[in-house]
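Structural features, examined
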Amino acid sequence: MSDERAERIADFIAPLRVKPGSKVRLDRDFDPRYKAGLRKREGIELLRTGVSLLAEYQERLAAQDTYGVLLCLQALDAGGKDGTIRHVMSGVNPQGVRVSGFKVPSAEELDHDYLWRYAQRLPTRGEIVIFNRSHYEEVLVVRVHPENLVRQKLPDGTRGPDIWQRRYREINHWERYLTDNGFKVVKVFLNLSKEEQRTRFLKRIDRPEKNWKFSAADVRERRQWDDYQQAFSEMLSATSTKWAPWYVVPADRKWFGRICSAAILAHTLMDIDPQYPDVGKAARKDLLVTRRDLEREAPAGASADPYADRHPSARKKHG
(Lines give C-alpha, C1' and ligand atoms only; values in the text may rest on other atoms or scores of the structure.)
Protein backbone atom coordinates (compact mmCIF):
# COMPACT_ATOMS: atom_id res chain seq x y z
CA MET A 1 0.00 0.00 0.00
CA SER A 2 2.18 2.83 -1.26
CA ASP A 3 -0.74 5.20 -1.64
CA GLU A 4 -0.71 7.95 1.03
CA ARG A 5 -4.47 7.55 1.30
CA ALA A 6 -3.94 3.99 2.42
CA GLU A 7 -1.67 5.10 5.23
CA ARG A 8 -4.17 7.67 6.47
CA ILE A 9 -6.97 5.12 6.39
CA ALA A 10 -4.85 2.58 8.26
CA ASP A 11 -4.14 5.13 11.00
CA PHE A 12 -7.83 6.08 11.19
CA ILE A 13 -9.11 2.53 11.71
CA ALA A 14 -6.25 1.31 13.93
CA PRO A 15 -8.10 2.14 17.22
CA LEU A 16 -11.05 0.04 16.04
CA ARG A 17 -9.12 -3.13 15.35
CA VAL A 18 -9.19 -5.94 17.89
CA LYS A 19 -5.63 -7.03 18.47
CA PRO A 20 -5.31 -10.80 17.95
CA GLY A 21 -4.96 -12.58 21.25
CA SER A 22 -6.27 -9.67 23.30
CA LYS A 23 -8.94 -10.07 25.96
CA VAL A 24 -11.89 -7.87 25.01
CA ARG A 25 -14.50 -6.45 27.32
CA LEU A 26 -16.83 -4.28 25.30
CA ASP A 27 -17.98 -1.97 28.10
CA ARG A 28 -14.37 -1.21 29.00
CA ASP A 29 -12.49 -1.24 25.70
CA PHE A 30 -14.77 0.33 23.09
CA ASP A 31 -16.92 3.45 23.39
CA PRO A 32 -20.07 3.36 21.19
CA ARG A 33 -19.98 7.19 21.02
CA TYR A 34 -16.35 7.54 19.96
CA LYS A 35 -15.98 9.82 16.92
CA ALA A 36 -12.22 10.48 16.63
CA GLY A 37 -12.74 14.21 17.21
CA LEU A 38 -14.67 14.61 13.95
CA ARG A 39 -17.71 16.76 13.32
CA LYS A 40 -20.61 15.49 11.26
CA ARG A 41 -19.95 18.01 8.48
CA GLU A 42 -16.38 16.69 8.14
CA GLY A 43 -17.71 13.17 8.28
CA ILE A 44 -19.98 13.61 5.27
CA GLU A 45 -17.02 14.61 3.11
CA LEU A 46 -14.93 11.73 4.43
CA LEU A 47 -17.71 9.28 3.61
CA ARG A 48 -17.78 10.59 0.02
CA THR A 49 -14.05 10.02 -0.21
CA GLY A 50 -14.40 6.50 1.16
CA VAL A 51 -17.21 5.62 -1.25
CA SER A 52 -15.13 6.97 -4.15
CA LEU A 53 -12.16 4.84 -3.12
CA LEU A 54 -14.38 1.77 -2.87
CA ALA A 55 -15.70 2.34 -6.40
CA GLU A 56 -12.16 2.67 -7.77
CA TYR A 57 -10.78 -0.42 -6.08
CA GLN A 58 -13.86 -2.56 -6.57
CA GLU A 59 -13.59 -2.07 -10.35
CA ARG A 60 -9.96 -3.16 -10.20
CA LEU A 61 -10.88 -6.16 -8.03
CA ALA A 62 -13.45 -7.30 -10.59
CA ALA A 63 -11.07 -6.77 -13.52
CA GLN A 64 -8.21 -8.71 -11.90
CA ASP A 65 -10.55 -11.62 -11.03
CA THR A 66 -8.11 -13.13 -8.52
CA TYR A 67 -9.36 -12.14 -5.06
CA GLY A 68 -12.80 -12.05 -3.48
CA VAL A 69 -13.79 -10.14 -0.35
CA LEU A 70 -16.19 -11.21 2.39
CA LEU A 71 -17.39 -8.48 4.75
CA CYS A 72 -19.17 -9.81 7.84
CA LEU A 73 -21.46 -7.30 9.56
CA GLN A 74 -22.66 -8.07 13.06
CA ALA A 75 -24.75 -5.92 15.37
CA LEU A 76 -27.59 -6.07 17.82
CA ASP A 77 -31.06 -5.07 16.63
CA ALA A 78 -31.19 -1.44 15.44
CA GLY A 79 -27.41 -1.41 15.19
CA GLY A 80 -27.51 0.11 11.69
CA LYS A 81 -26.45 -2.76 9.43
CA ASP A 82 -28.90 -1.98 6.61
CA GLY A 83 -28.09 1.73 6.58
CA THR A 84 -24.38 1.01 6.63
CA ILE A 85 -24.67 -1.25 3.59
CA ARG A 86 -26.85 1.24 1.75
CA HIS A 87 -24.55 4.24 2.31
CA VAL A 88 -21.15 2.57 2.11
CA MET A 89 -21.88 0.65 -1.09
CA SER A 90 -23.77 3.48 -2.80
CA GLY A 91 -21.04 4.20 -5.35
CA VAL A 92 -19.94 0.73 -6.41
CA ASN A 93 -21.04 -1.29 -9.40
CA PRO A 94 -23.96 -3.43 -8.16
CA GLN A 95 -22.84 -6.27 -10.44
CA GLY A 96 -19.73 -6.69 -8.30
CA VAL A 97 -21.43 -6.67 -4.88
CA ARG A 98 -23.86 -9.11 -3.31
CA VAL A 99 -25.59 -8.92 0.08
CA SER A 100 -26.75 -12.03 1.92
CA GLY A 101 -28.87 -12.05 5.06
CA PHE A 102 -29.37 -15.06 7.28
CA LYS A 103 -32.59 -15.76 9.12
CA VAL A 104 -33.78 -18.82 11.05
CA PRO A 105 -32.21 -21.92 9.42
CA SER A 106 -34.44 -23.92 7.08
CA ALA A 107 -34.99 -27.66 7.41
CA GLU A 108 -32.50 -28.25 4.59
CA GLU A 109 -29.87 -26.06 6.27
CA LEU A 110 -30.32 -27.87 9.58
CA ASP A 111 -29.56 -31.13 7.79
CA HIS A 112 -26.00 -29.89 7.19
CA ASP A 113 -23.14 -28.70 9.38
CA TYR A 114 -23.57 -25.23 10.88
CA LEU A 115 -21.22 -23.53 8.39
CA TRP A 116 -22.80 -25.09 5.30
CA ARG A 117 -25.37 -22.40 4.55
CA TYR A 118 -22.76 -19.67 4.84
CA ALA A 119 -20.39 -21.49 2.51
CA GLN A 120 -23.12 -21.52 -0.15
CA ARG A 121 -23.05 -17.71 -0.36
CA LEU A 122 -19.34 -16.95 -0.33
CA PRO A 123 -17.95 -14.50 -2.90
CA THR A 124 -16.56 -15.54 -6.25
CA ARG A 125 -13.25 -14.10 -7.41
CA GLY A 126 -13.61 -10.43 -8.27
CA GLU A 127 -16.70 -10.06 -6.07
CA ILE A 128 -17.49 -8.40 -2.75
CA VAL A 129 -20.06 -10.20 -0.61
CA ILE A 130 -21.57 -8.72 2.53
CA PHE A 131 -23.03 -11.01 5.14
CA ASN A 132 -25.77 -9.07 6.95
CA ARG A 133 -25.34 -11.19 10.06
CA SER A 134 -23.04 -14.10 9.44
CA HIS A 135 -21.67 -17.41 10.64
CA TYR A 136 -20.99 -15.64 13.94
CA GLU A 137 -24.67 -16.03 14.75
CA GLU A 138 -23.65 -19.60 15.60
CA VAL A 139 -21.68 -18.37 18.62
CA LEU A 140 -23.94 -15.44 19.48
CA VAL A 141 -27.68 -16.08 19.12
CA VAL A 142 -27.17 -19.82 19.47
CA ARG A 143 -25.10 -19.26 22.60
CA VAL A 144 -27.60 -16.88 24.21
CA HIS A 145 -30.42 -19.27 23.23
CA PRO A 146 -28.84 -22.73 23.58
CA GLU A 147 -32.16 -24.39 22.75
CA ASN A 148 -31.15 -23.73 19.14
CA LEU A 149 -28.46 -26.38 19.51
CA VAL A 150 -31.15 -29.02 19.87
CA ARG A 151 -32.51 -28.13 16.42
CA GLN A 152 -29.04 -28.52 14.92
CA LYS A 153 -29.22 -32.30 15.44
CA LEU A 154 -25.75 -32.58 16.88
CA PRO A 155 -24.49 -36.02 17.97
CA ASP A 156 -24.69 -36.94 21.63
CA GLY A 157 -21.80 -35.64 23.68
CA THR A 158 -21.02 -32.68 21.39
CA ARG A 159 -23.11 -30.03 23.14
CA GLY A 160 -20.97 -29.73 26.25
CA PRO A 161 -19.50 -26.51 27.67
CA ASP A 162 -16.49 -26.75 25.33
CA ILE A 163 -18.64 -26.30 22.22
CA TRP A 164 -18.04 -22.55 21.96
CA GLN A 165 -14.25 -22.84 22.13
CA ARG A 166 -14.47 -25.59 19.55
CA ARG A 167 -16.57 -23.44 17.25
CA TYR A 168 -14.20 -20.48 17.63
CA ARG A 169 -11.37 -22.77 16.55
CA GLU A 170 -13.34 -24.17 13.61
CA ILE A 171 -14.34 -20.71 12.41
CA ASN A 172 -10.75 -19.46 12.63
CA HIS A 173 -9.54 -22.44 10.59
CA TRP A 174 -12.31 -21.96 8.02
CA GLU A 175 -11.47 -18.27 7.59
CA ARG A 176 -7.76 -19.10 7.28
CA TYR A 177 -8.65 -21.59 4.54
CA LEU A 178 -10.61 -18.90 2.70
CA THR A 179 -7.86 -16.28 2.93
CA ASP A 180 -5.21 -18.80 1.84
CA ASN A 181 -7.28 -19.33 -1.30
CA GLY A 182 -7.59 -15.64 -2.15
CA PHE A 183 -10.78 -14.70 -0.31
CA LYS A 184 -10.17 -11.89 2.17
CA VAL A 185 -12.35 -11.90 5.29
CA VAL A 186 -12.98 -8.65 7.17
CA LYS A 187 -15.37 -8.42 10.11
CA VAL A 188 -17.20 -5.40 11.50
CA PHE A 189 -19.14 -5.28 14.73
CA LEU A 190 -21.37 -2.20 14.99
CA ASN A 191 -21.16 -1.41 18.69
CA LEU A 192 -24.40 0.17 19.90
CA SER A 193 -25.11 1.39 23.41
CA LYS A 194 -28.15 0.16 25.28
CA GLU A 195 -29.58 3.69 25.55
CA GLU A 196 -29.16 4.37 21.83
CA GLN A 197 -30.90 1.09 21.02
CA ARG A 198 -33.80 2.14 23.27
CA THR A 199 -34.02 5.48 21.46
CA ARG A 200 -34.06 3.82 18.04
CA PHE A 201 -36.75 1.38 19.10
CA LEU A 202 -38.91 4.29 20.28
CA LYS A 203 -38.33 6.07 16.97
CA ARG A 204 -39.65 3.02 15.14
CA ILE A 205 -42.79 3.17 17.26
CA ASP A 206 -43.28 6.95 17.15
CA ARG A 207 -42.84 7.40 13.38
CA PRO A 208 -45.55 5.64 11.34
CA GLU A 209 -43.24 5.14 8.36
CA LYS A 210 -40.86 3.25 10.65
CA ASN A 211 -43.49 1.00 12.25
CA TRP A 212 -42.80 -1.81 9.79
CA LYS A 213 -39.24 -2.09 11.15
CA PHE A 214 -40.39 -2.57 14.73
CA SER A 215 -40.68 -6.02 16.21
CA ALA A 216 -41.74 -6.86 19.72
CA ALA A 217 -39.33 -9.80 19.49
CA ASP A 218 -36.46 -7.30 19.27
CA VAL A 219 -37.50 -5.80 22.60
CA ARG A 220 -37.75 -9.24 24.17
CA GLU A 221 -34.24 -9.96 22.90
CA ARG A 222 -33.08 -6.74 24.55
CA ARG A 223 -33.70 -8.39 27.91
CA GLN A 224 -30.68 -10.57 27.13
CA TRP A 225 -28.43 -7.50 26.74
CA ASP A 226 -25.81 -8.58 29.28
CA ASP A 227 -25.67 -12.09 27.86
CA TYR A 228 -25.08 -10.71 24.38
CA GLN A 229 -22.37 -8.33 25.60
CA GLN A 230 -20.58 -11.28 27.16
CA ALA A 231 -21.00 -13.39 24.03
CA PHE A 232 -19.71 -10.57 21.81
CA SER A 233 -16.74 -9.94 24.09
CA GLU A 234 -15.68 -13.59 24.08
CA MET A 235 -16.23 -13.92 20.33
CA LEU A 236 -14.08 -10.85 19.59
CA SER A 237 -11.35 -12.13 21.90
CA ALA A 238 -11.27 -15.59 20.34
CA THR A 239 -11.74 -14.89 16.63
CA SER A 240 -9.89 -11.67 15.76
CA THR A 241 -6.93 -13.02 13.83
CA LYS A 242 -4.16 -11.59 11.69
CA TRP A 243 -5.80 -13.06 8.58
CA ALA A 244 -9.41 -12.16 9.50
CA PRO A 245 -9.47 -9.24 11.97
CA TRP A 246 -12.44 -7.84 13.84
CA TYR A 247 -13.13 -4.11 13.94
CA VAL A 248 -15.42 -2.68 16.61
CA VAL A 249 -17.14 0.31 15.03
CA PRO A 250 -18.84 2.92 17.26
CA ALA A 251 -22.47 2.85 16.13
CA ASP A 252 -24.28 5.43 18.29
CA ARG A 253 -23.57 8.07 15.62
CA LYS A 254 -24.69 6.55 12.35
CA TRP A 255 -22.65 8.93 10.20
CA PHE A 256 -19.43 8.00 12.01
CA GLY A 257 -20.14 4.28 11.88
CA ARG A 258 -20.60 4.52 8.12
CA ILE A 259 -17.31 6.36 7.69
CA CYS A 260 -15.51 3.69 9.71
CA SER A 261 -17.11 0.83 7.77
CA ALA A 262 -16.21 2.42 4.43
CA ALA A 263 -12.64 2.99 5.62
CA ILE A 264 -12.27 -0.61 6.82
CA LEU A 265 -13.49 -2.05 3.52
CA ALA A 266 -11.38 0.41 1.52
CA HIS A 267 -8.35 -0.57 3.60
CA THR A 268 -8.96 -4.24 2.78
CA LEU A 269 -9.16 -3.54 -0.96
CA MET A 270 -6.12 -1.25 -0.93
CA ASP A 271 -4.16 -3.93 0.92
CA ILE A 272 -4.99 -6.36 -1.89
CA ASP A 273 -4.04 -3.63 -4.39
CA PRO A 274 -5.73 -5.28 -7.39
CA GLN A 275 -4.44 -4.27 -10.82
CA TYR A 276 -6.04 -4.13 -14.24
CA PRO A 277 -4.77 -7.09 -16.25
CA ASP A 278 -2.19 -6.53 -18.96
CA VAL A 279 -3.82 -7.52 -22.25
CA GLY A 280 -0.47 -8.47 -23.82
CA LYS A 281 1.32 -7.34 -26.98
CA ALA A 282 -0.85 -9.25 -29.46
CA ALA A 283 -4.12 -7.99 -27.96
CA ARG A 284 -2.78 -4.43 -27.77
CA LYS A 285 -1.81 -4.58 -31.43
CA ASP A 286 -5.38 -5.63 -32.27
CA LEU A 287 -6.69 -2.72 -30.20
CA LEU A 288 -4.54 -0.23 -32.13
CA VAL A 289 -5.77 -1.64 -35.45
CA THR A 290 -9.37 -1.38 -34.25
CA ARG A 291 -8.81 2.17 -33.08
CA ARG A 292 -7.50 3.22 -36.48
CA ASP A 293 -10.56 1.68 -38.13
CA LEU A 294 -12.87 3.58 -35.75
CA GLU A 295 -10.96 6.83 -36.36
CA ARG A 296 -11.52 6.45 -40.11
CA GLU A 297 -15.26 6.29 -39.46
CA ALA A 298 -15.34 9.80 -37.97
CA PRO A 299 -17.92 12.01 -39.76
CA ALA A 300 -16.69 15.06 -41.64
CA GLY A 301 -15.68 17.78 -39.20
CA ALA A 302 -15.68 15.41 -36.20
CA SER A 303 -12.64 14.50 -34.18
CA ALA A 304 -11.09 11.17 -35.05
CA ASP A 305 -10.78 10.35 -31.35
CA PRO A 306 -12.75 12.71 -29.07
CA TYR A 307 -11.63 10.93 -25.91
CA ALA A 308 -7.93 11.26 -26.74
CA ASP A 309 -8.45 14.94 -27.52
CA ARG A 310 -9.81 15.45 -24.00
CA HIS A 311 -7.24 13.11 -22.40
CA PRO A 312 -3.92 13.41 -24.33
CA SER A 313 -2.16 11.15 -21.82
CA ALA A 314 -4.37 8.21 -22.92
CA ARG A 315 -2.92 8.21 -26.42
CA LYS A 316 0.66 8.52 -25.07
CA LYS A 317 0.06 5.63 -22.71
CA HIS A 318 -1.29 3.24 -25.34
CA GLY A 319 0.63 4.43 -28.39
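Quick note: structure is the one above.
I will try to describe carefully the structure that is included in this document.

A few points about helix 13 (residues 254-272)
- End to end, helix 13 covers 28 Å across 19 residues, agreeing with the expected 27 Å (1.5 Å per residue, within 8%).
- Burial runs high along helix 13: 17 of the 19 residues are buried.
- Asp-273 sits one or two positions beyond helix 13 and adopts a positive phi of about 55 degrees.

Let's talk about the nonpolar core
- Judged by nonpolar contacts, the single largest core of 41 residues is most densely connected at Leu-54, Met-89 and Ile-264.
- Within the residue set of this core, elements represented by two or more residues are helix 1 (4-13), helix 3 (40-64), strand 1 (68-75), helix 4 (81-88), strand 3 (128-132), strand 4 (183-191), strand 5 (246-250) and helix 13.
- Residue contributions to this core peak at twelve residues, all from helix 13.
- Excluding residues within four positions of it along the chain, Leu-54 makes contact with Val-88, Val-92, Ala-262, Leu-265, Ala-266 and Leu-269.

Thoughts on the packing of helix 9 (residues 163-180) against helix 12 (residues 225-239)
- The geometry of helix 9 relative to helix 12 is characterised by a closest axis approach of 10 Å and an angle of 45 degrees between their N-to-C directions. Taken together, the axes of helix 9 and helix 12 are oblique relative to one another. Considering only the axes of helix 9 and helix 12, their crossing is right-handed. Across the interface between the two elements, Tyr-168, Asn-172 and Glu-175 of helix 9 pack against Ala-231, Glu-234, Met-235, Ala-238 and Thr-239 of helix 12.

Let's talk about the pairing of strand 1
- Counting buried positions along strand 1 yields eight of eight residues, so the element is predominantly enclosed.
- Where burial is concerned, the two faces of strand 1 agree: the one with Gly-68, Leu-70, Cys-72 and Gln-74 and the one with Val-69, Leu-71, Leu-73 and Ala-75 are both buried.
- With five bridges joining them, strand 1 and strand 3 adopt parallel strand pairing. Looking across to strand 3, one finds that Val-69 is bridged to Ile-128.

Considering the packing of aromatic side chains
- Across all of its chains, the model carries nine aromatic pairs by this definition.
- Aromatic side chains Tyr-34 and Phe-256 sit 5.9 Å apart centroid to centroid with 85 degrees between the ring planes, which places their arrangement in the edge-to-face category. You can see Tyr-34 sitting in the loop between helix 2 (26-29) and helix 3 and its partner Phe-256 sitting in helix 13, a full 222 residues away along the chain.
- When its relative accessible area of 32% is taken as the criterion, Tyr-34 is described as partly exposed.
- Exposure remark for Phe-256: the relative accessible area of 1% places this residue in the buried category.

What counts, and where the lines are drawn
- Residues numbered from 1 in each chain as written.
- Predicted model: local features only at pLDDT ≥ 70, side-chain atom pairs only at ≥ 80, totals over all residues.
- Heavy atoms only, no water.
- Helix = DSSP H or I, 4+ residues; strand = E, 2+ residues; numbered from the N terminus.
- Expected span 1.5 Å × (residues − 1).
- Buried < 20%, exposed > 50% of the residue type's maximum accessible area, 1.4 Å probe, protein only.
- Core = buried A, V, L, I, M, F, W, Y, C linked by side-chain atoms within 4.5 Å.
- Contact = heavy atoms within 4.5 Å.
- Axes fitted to C-alpha atoms, helices over the stretch in contact; angles between N-to-C directions.
- Parallel < 35°, antiparallel > 145°, perpendicular 65-115°, else oblique.
- Left-handed = near helix turned anticlockwise from the far one by under 90°.
- Pairing = 2+ DSSP bridges.
- Phe/Tyr/Trp six-rings, centres within 6.5 Å; stacked < 30°, edge-to-face > 60°.

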